Amino acid sequence: MKILSASSILMLSTILGTCYGQIAGTAHDFSSESWAPAQNRLCAVCHTTHNASTIPSAPLWNHETTAVAGYTLYSSATFDPHGGTSITEPGASSKLCLSCHDGTVALENFGGITTGTNYIAGAYRIGGVTGGDLSDDHPISFEYTTALASLDGGLNDPATTSSGLGGTIAQDMLFNNQLQCASCHDVHNKYGFSRLLKMENTNSQLCLTCHNK
Ligand code: HEC
Ligand code: HEC
Ligand code: HEC
Ligand code: HEC
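Calculation criteria
Residues numbered from 1 in each chain as written. Chains lettered and ligands numbered in written order. Predicted model: local features only at pLDDT ≥ 70, side-chain atom pairs only at ≥ 80, totals over all residues. Heavy atoms only, no water. Near = heavy atom within 4 Å. Polar contact = N/O pair within 3.5 Å; in protein donor to acceptor, adjacent residues only side chain to side chain. 1 Å grid on protein atoms, 1.4 Å probe; cavity = no way out; pocket = protein on both sides within 12 Å on 5 of 7 lines; lining within 4 Å. Sits in = over half its atoms within 2 Å of the grid points. Nonpolar A, V, L, I, M, F, W, Y, C, P; charged D, E, K, R; others polar. Donors = N, O, S within 2.8 Å, 3.2 Å for Na, K, Ca; no water. Tetrahedral: all angles 85-135°; square planar, octahedral: opposite > 155°, others 65-115°. Helix = DSSP H or I, 4+ residues; strand = E, 2+ residues; numbered from the N terminus. Buried < 20%, exposed > 50% of the residue type's maximum accessible area, 1.4 Å probe, protein only. Lys, Arg positive; Asp, Glu negative; His and termini not counted. Salt bridge = Lys/Arg side-chain N within 4 Å of Asp/Glu carboxyl O. Contact = heavy atoms within 4.5 Å. Points joined across faces, edges and corners; volume = space filled by probe spheres on them.

S.K.: Please explain the site of ligand 1 as it appears in this structure.
M.R.: Every residue lining ligand 1 is accounted for by Ile23, His28, Leu42, Cys43, Cys46, His47, Pro59, Trp61, Ser93, Val187 and His188. With respect to ligand 1, the side chain of His47 contributes an N or O atom lying 2.7 Å from a nitrogen atom. Between His188 and ligand 1, the recorded distance is 2.8 Å, taken from a side-chain N or O atom to a nitrogen atom. Mapping ligand 1 onto the cavity grids shows that it belongs to the largest pocket. For the shell around ligand 1, the class distribution of residues is seven nonpolar, four polar and no charged.

Take a look at the structure:
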């Protein structure tokens, strides 16, 4: 049997690494933290199999949710007037991301624990010092539809444009037609790109999937 050369093994692992990722070893792998649960260490900080929180449409959610009651939302002269595009309070899975990322809830506050002391910091904290400021972040929690694309003129039609991930933008990147944090990121590192992105962004491929610039 021919033994694989070091370079072909490297090539193979690069191919596998770019097609398929996993949560182990990522920034969302908390298993080596002192506060990681004894059981189900990779998942339990975020999910539980029983007695999950009752947040609407959250997948068996186990983490305490954000303490922010009302966020400062994105606005700009060119964004706001687009007929029909009203931006709402972060909803769906974005609210789950912000449970840790706005820095108002301790990371180890899961499974009913409310006394944690480790908060997310630095560039990983989205929402400014108060945790409630999303005005300087890419807008989320608004509908990105065919109508918006034709009004804007600089956006691809989400219903017909391929995302490059197998389906259309609407199928692979939107949630009930809404743009959310998970439009660009995969929380479980499914795609294996840095920053948990759904695709490479070296030549702004991610941006150009939706923006026709
Ligand atoms: C850092 C938090 C976090 C960790 C850790 C995590 N998840 Fe998730 N998971 C989420 C969020 C947020 C969503 C909803 C957003 C989404 O679907 O992309 C989700 C969605 C899901 C879903 C439903 C949607 C889907 O992708 O099928 C399943 C199933 C799931 N997670 C399983 C797991 C399992 C199993 C583990 C452990 C191996 C795990 N998750 C670890 C945050 C996490
Ligand atoms: C249980 C808390 C928790 C939840 C829920 C959570 N994150 Fe994170 N996330 C973290 C922590 C902690 C880090 C790493 C911070 C560090 O390394 O200091 C991180 C890092 C990241 C990074 C940077 C990864 C890198 O490699 O640099 C991205 C992107 C990210 N998270 C996106 C998301 C998105 C999107 C969601 C929701 C779909 C989400 N996170 C939900 C805690 C969380
Ligand atoms: C339109 C696409 C898009 C959306 C929506 C989006 N992100 Fe990101 N995010 C990115 C890109 C691209 C990067 C990498 C930036 C870089 O490396 O310079 C990034 C980086 C990050 C990082 C790492 C910051 C750092 O400096 O290392 C975190 C954490 C993060 N995002 C969390 C979130 C959360 C939470 C949300 C929702 C509130 C969100 N993102 C929404 C595209 C997006
Ligand atoms: C999943 C689709 C999607 C991706 C990916 C995406 N965007 Fe967007 N982006 C939108 C939509 C839709 C809007 C809202 C446009 C509007 O109504 O003006 C928007 C808004 C913006 C705005 C504000 C426009 C304004 O008028 O205020 C900027 C700037 C922007 N995006 C830049 C980026 C950059 C840079 C990236 C890559 C890191 C990116 N976007 C990735 C869909 C996307």
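Here the narrative resumes, following the displayed structure.
S.K.: Just checking my understanding: could you explain the coordination of the iron atom of ligand 1 for this structure?
M.R.: Reference values for angles at a metal are 109.5 degrees in the four-donor tetrahedral case and 90 or 180 degrees in the six-donor octahedral case. The protein atoms that coordinate the iron atom of ligand 1 are His47 (NE2) and His188 (NE2), at distances of 2.0 Å. Each of the six donor atoms around the iron atom of ligand 1 contributes to a set of angles spanning 86 to 178 degrees, which defines the coordination as octahedral. Taken together, the residues His47 in the loop between helix 1 (6–19) and helix 2 (92–101) and His188 in the loop between helix 5 (181–184) and helix 6 (205–210) connect sequence positions 141 residues apart. A relative accessible area of 42% means that His188 is categorised as partly exposed.

S.K.: What exactly am I supposed to notice about the side chain of Asp102 here?
M.R.: Structurally, Asp102 is set in the loop between helix 2 and strand 1 (142–143). Buried and unpaired, Asp102 has Arg125 as its nearest opposite-charge partner, separated by 6.2 Å. A polar contact is formed between the side chain of Asp102 and the side chain of Tyr71, at a distance of 2.6 Å. In this structure, Asp102 is in contact with Thr66, Val68, Tyr71, Arg125, Ile126 and Gly131, ignoring residues within four places of it in sequence.

S.K.: Would you mind going over the side chain of Asp186 with me for this structure?
M.R.: Relative to the helices and strands, Asp186 is located in the loop between helix 5 and helix 6. Buried and unpaired, Asp186 has Lys198 as its nearest opposite-charge partner, separated by 5.6 Å. When neighbours within four sequence positions are excluded, Asp186 is seen to be in contact with Tyr191, Leu196 and Lys198.

S.K.: Can you help me understand the layout of surface pockets in this one?
M.R.: A water-sized probe rolled over the atoms picks out the places where empty space is left. If you add up the space inside the largest pocket, you get close to 1600 Å³. His28, Cys97, His101, His185 and Leu196 are the residues nearest the centre of the largest pocket, which is lined by 47 residues in total. If you list the elements that add at least two residues to the lining of the largest pocket, you get helix 2 and helix 5. It is helix 2 that contributes the most residues to the lining of the largest pocket, seven residues altogether.

S.K.: It is not clear to me how empty space enclosed by the protein should be interpreted in this structure. Could you clarify?
M.R.: Overall, the coordinates contain one cavity of 30 Å³ or more when judged by the stated rule. In this structure, the largest cavity spans a volume of roughly 40 Å³. As for the largest cavity, its lining consists of Leu73, Tyr74, Ile87, Thr88, Pro90, Leu134, Asp137, His138, Pro139 and Ile140.

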